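A closer look at the structure
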Amino acid sequence: MDQTVKTPWHLWVVGVLTLLWNSVGGFSYTMTRLGKLADLGMGAEEIAYFASHPVWANTFWALGVWGAIAGSLLILLRSRHAVTAILIAIVGLIGSNIYQYAMSEIPESLQSPMLTGLIWVTTLFMLWYSLRMKSAGVLR
């Protein structure tokens, strides 16, 4: 017996809002990788900090950013793979935070524990939400 589960209204709210939020990270990552940080008003110290990131730290950052964007899109598409994408984002976030807070000196102008906390809260909320929607049969 194949039952169709109706898409709840909140899926669209969560999917769109998290996609908009995560797109800011995608924009930041893209501008950094394209060498356009000066266009965003960053100074030499900030640009040098991002340029000094080793490949592995950039890889974790990419996993975090693009995993979160994929997670938001997959929620909107009602795909169970949203859970996997968000788990990848969490792995990326862990790796990025290890580099940022344990292995490098972040310039004072870039220190933002509130932003880091908000990123964690949003990403963990996305994981909880996608798991809940998957168990309810909304994500297929």
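Sequence order sets the numbering: in each chain, residues are counted from 1 along the sequence as written. Reporting of local features is limited, given that this is a predicted model, to residues whose pLDDT is at least 70; pairs of side-chain atoms are given and counted only at 80 or more, and all residues count toward the totals for whole chains, interfaces and linings. The side-chain figures draw on all heavy atoms in the structure; neither hydrogens nor water molecules are used.

**Quick word on the overall build of the chain**
What counts here: Here a strand is any run of E in DSSP of at least two residues, a helix any run of H or I of at least four, and the numbering for each starts at the N terminus. Burial here depends on accessible area, computed with a 1.4 Å probe over protein chains only, as a share of the maximum for the residue type. Under 20% is buried, over 50% is exposed, and the range in between is partly exposed. Between two residues, a contact is recorded if the distance between any of their heavy atoms is within 4.5 Å. All accessible-area figures derive from a Shrake-Rupley calculation using a 1.4 Å probe, and residue coverage is judged against the displayed protein chains alone.
Each helix and strand counted, the chain has five helices and zero strands in total. When the helices and strands of the chain are read in sequence order from the N terminus, they spell out α-α-α-α-α. Projected onto its principal axes, the C-alpha positions of the chain cover 60 × 30 × 25 Å. Here the chain holds 140 residues, and 40% of them are scored as buried. Considering only contacts within the chain whose residues lie at least 6 apart along the sequence, 80% involve residues at least 24 apart. For the chain, the accessible surface area stands at approximately 8,400 Å², while carbon and sulfur atoms represent 68% of it.

**Focus on the layout of surface pockets**
Where empty space is left in the structure can be found by rolling a water-sized probe over the atoms. We apply this condition: Buriedness of a pocket was judged along seven lines, with at least five required to meet protein on both sides within 12 Å; pockets are open sets of points on a 1 Å grid over the protein atoms alone, cavities are sets where a 1.4 Å probe fits but cannot get out, and lining residues have an atom within 4 Å of a point. Grid points are joined across faces, edges and corners, and a volume is the space filled by probe spheres set on the points. Under the scheme applied, nonpolar residues are Ala, Val, Leu, Ile, Met, Phe, Trp, Tyr, Cys and Pro; charged residues are Asp, Glu, Lys and Arg; polar residues are all the others, including Gly.
The volume enclosed by the largest pocket comes to roughly 870 Å³. Ser28, Trp61, Gln100, Leu115 and Ile119 are, among the 32 residues lining the largest pocket, the residues nearest its centre. Of all the secondary structure elements, the ones that give two or more residues to the lining of the largest pocket are helix H1 (9–33), helix H2 (44–51), helix H3 (55–76), helix H4 (81–103) and helix H5 (113–135). Taken together, the residues of the lining of the largest pocket sort by class into 20 nonpolar, twelve polar and no charged.

**Details of H3**
Put simply, the rule reads: Given the number of residues in a helix, its expected span is that number minus one, multiplied by 1.5 Å.
Look at H3: 31 Å from first C-alpha to last across 22 residues, which is about the 32 Å you get at 1.5 Å a residue. One or two positions beyond H3, positive phi appears at arginine 78, with a value near 60°.

**Looking at the packing of aromatic side chains**
For clarity, the cut-off: Ring pairs are drawn from Phe, Tyr and Trp, using the six-membered ring of Trp, whenever the two centres fall within 6.5 Å, and their geometry is named by plane angle: stacked under 30 degrees, edge-to-face over 60, tilted for the rest.
Evaluation of the coordinates by the stated rule reveals eight aromatic pairs. Considering the side-chain rings of tyrosine 49 and phenylalanine 50, the 5.4 Å spacing of their centres and the 70° angle between planes classify their relative orientation as edge-to-face. Grouping aromatic residues by their ring pairs yields a cluster made of Tyr29, Tyr49, Phe50, Trp61 and Trp66.

**Focus on the nonpolar core**
Our working definition: Within this scheme, the nonpolar core is defined by two criteria: the residues are buried Ala, Val, Leu, Ile, Met, Phe, Trp, Tyr or Cys, and they are joined through side-chain atoms within 4.5 Å.
One finds Leu11, Ile75, Ile86, Leu127, Tyr129, Met133 and Leu139 to be the most contacted residues of the largest nonpolar core, which totals 13 residues. Counting only elements with at least two residues in this core, the list comes to H1, H4 and H5. When neighbours within four sequence positions are excluded, isoleucine 75 is seen to be in contact with Leu11, Gly15, Ala82, Ile86, Tyr129, Ser130 and Leu139. Core analysis: the second largest hydrophobic core is formed by eleven residues, Tyr49, Phe50, Val65 and Ile106 among them.

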